[in-house]
Amino acid sequence: MDRTAEEKSNVVEELLRENGGWAVIDGGLATELESNGADIRDALWSSKCLFTCPELIRKVHLDYLEAGASILITASYQATIQGFLSRGISQEDSEALLRKSVELAVEARDLYLKKCPQKRQILIAASVGSYGAYLADGSEYSGDYGEYVTLETLKEFHRRRLQVLVEAGPDLIAFETIPNKIETQAYVELLEECNIDTPAWFAFSSKDGVNIVSGDSLVECGSIADSCHNCVAIGINCTPPRFIHDLIISMTKITKKPILIYPNSGESYDPEKKEWVKSAGGSAEDFAPFVNIWHEAGASLIGGCCRTSPDTVRAISRALKGGA
């Protein structure tokens, strides 16, 4: 049954009410696909799996649902029409792959609910990665796109992709790993220009616990997102756990909307070698002690990003239920 615009805007609030004030987001997709045998050493990263091993994407989604996730993020973070076109994939097939990312998550939800004795609400969030993710040059972690990338450049880059994802019928749009102010503004303007009524969340990344990765003010970027009619949650992703608490406190000062956090394992990404540099703090056991502290500080939607796993999500769920 199709939801009205008002019903769509309330999906996150409904989920939080159902769960007693918190909900669990899934964990890292690309690195979990890799752990399951997928080869993602490619400029298309996890989106390559949309045409090489879609069944594996569905499996990972199911693994996260069984671990306790209530929100699945689609395999479209690095899926762009421009990226697919560069590989010789047609416009029509590129758009079909974007729709497939949503369909796979919906299929996983349907399979899970069919065998789950206790029915519960599960939301599908269509991921929109940054322009820097498409470039695959590490600029998603710096926000430095150069002087020739303008607001209009970014809007035209994202426009059709966003429209196709919305047409596929997700419950939410997840603008993720937003690295700078200009892309935040581009997303807000696109939602209005395209007359999109699907709710959206805005998740920024930080490498110092104060600003977002470009050096732009988190408070300023968060305020731009907060002013957006579609925005139903704001927060932080792909950021080391050690910075999360202070960032939550900053977010509580600029929004009354639900705050979401899904940090990475604490490792850092080397864009030249295209690999993660190991550091402490990536196991499920390391995540668990912080979860209730983050919740008490103001975060209500909690999950994991790069290098986290179903074990991480299981530990988050257990902690929020009072078992850790």
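Residues numbered from 1 in each chain as written. Predicted model: local features only at pLDDT ≥ 70, side-chain atom pairs only at ≥ 80, totals over all residues. Heavy atoms only, no water.

Before going further, it helps to examine the overall build of the protein chain. Each helix and strand in the protein chain was counted, giving 14 helices and 10 strands. A principal-axis box enclosing the C-alpha atoms of the protein chain has dimensions of 50 × 45 × 40 Å. A burial count over the protein chain gives 58% of its 324 residues as buried. Within the protein chain, residue pairs in contact and separated by at least 24 positions form 77% of the contacts whose partners lie at least 6 positions apart. (Helix = DSSP H or I, 4+ residues; strand = E, 2+ residues; numbered from the N terminus. Buried < 20%, exposed > 50% of the residue type's maximum accessible area, 1.4 Å probe, protein only. Contact = heavy atoms within 4.5 Å.)

Glancing now at the UniProt feature "binding site: Zn(2+)" (unreviewed entry) in the protein chain. On the UniProt side, "binding site: Zn(2+)" (unreviewed entry) is annotated at positions that read C238, C305 and C306 here. A stretch of 69 residues holds the annotated residues, and the largest C-alpha distance among them is 6.4 Å, short enough that they meet in one place. You can see C238 is positioned in the loop between β6 (231-237) and α12 (244-252). Judged by relative accessible area, which is 8%, C238 ranks as buried. Along the polypeptide, C306 turns up in the loop between β10 (299-302) and α14 (310-320). (UniProt positions renumbered as here; feature names shortened; annotations may be inferred.)

Below, the discussion takes up the sheet that holds strand β3 (residues 123-128). What the eight strands build is an open sheet, ordered β1-β10-β7-β6-β5-β4-β3-β2; its pairing is parallel. Looking along the sheet, the strands with just one partner apiece sit at the ends: β1 (23-24) and β2 (71-73). For strand β4 (residues 172-178) and strand β5 (residues 200-204), the ladder comprises four bridges, and the chain directions are parallel. Bridged to A174 within β5 is W201. This element, helix α9 (residues 151-167), spans β3 and β4 of the sheet and lies at about 165° to β3. (Pairing = 2+ DSSP bridges. Axes fitted to C-alpha atoms, helices over the stretch in contact; angles between N-to-C directions.)

Let's shift gears to α12. Buried within α12 we find I244, L247, I248 and M251. Relative to the axis of α12, the buried residues are bounded by an arc of 105° and lie together on one face. (Arc of directions from axis to C-beta.)

As a further point, take the packing of α9 against helix α10 (residues 181-193). Two numbers describe how α9 lies on α10: the axes approach to 9 Å, and their chain directions differ by 50°. By the criterion of interaxial angle, the relationship of α9 to α10 is oblique. For α9 against α10, the interelement crossing comes out right-handed. For the pair formed by α9 and α10, the contact residues are L151, L154, K155, H158, R159 and L162 on the first element and I182, E183, Q185, A186, Y187, E189, L190, L191 and E193 on the second. For the contact of α9 with α10, the class distribution of residues is eight nonpolar, two polar and five charged. (Parallel < 35°, antiparallel > 145°, perpendicular 65-115°, else oblique. Left-handed = near helix turned anticlockwise from the far one by under 90°. Nonpolar A, V, L, I, M, F, W, Y, C, P; charged D, E, K, R; others polar.)

Among the secondary structure elements, Q78 is positioned in the loop between β2 and α6 (81-85). Of the polar contacts made by the side chain of Q78, one reaches the backbone oxygen of A133; its length is 2.8 Å. If we skip the residues at most four places from it in the chain, Q78 touches A43, L44, W45, S47, A133, A136 and R161. (Polar contact = N/O pair within 3.5 Å; in protein donor to acceptor, adjacent residues only side chain to side chain.)

This paragraph deals with the nonpolar core. Counting residues in each nonpolar core, the largest one holds 105 residues, and the members touching the most others are L162, F175, W201, F202, F204, I261 and L301. If we ignore the near neighbours within four places in the chain, the residues touching F204 are I178, T184, I212, L218, C221, G222, A225, I234, G235, I236, N237 and T239. Membership of the second largest hydrophobic core comes to six residues, among which are Y131, Y145, L154 and F157. (Core = buried A, V, L, I, M, F, W, Y, C linked by side-chain atoms within 4.5 Å.)

Before going further, it helps to examine the packing of helix α7 (residues 91-115) against α9. In contact at an axis separation of 9 Å, α7 and α9 are set at 50° when each is read in the N-to-C sense. On the basis of the axis angle, α7 is oblique to α9. Here the hand of the crossing between α7 and α9 comes out right-handed. Contacts between α7 and α9 involve Q91, E95, L98, R99, S101 and V102 from the former and R160, R161, V164 and L165 from the latter. Here the residues of the contact of α7 with α9 are counted per class, giving four nonpolar, two polar and four charged.

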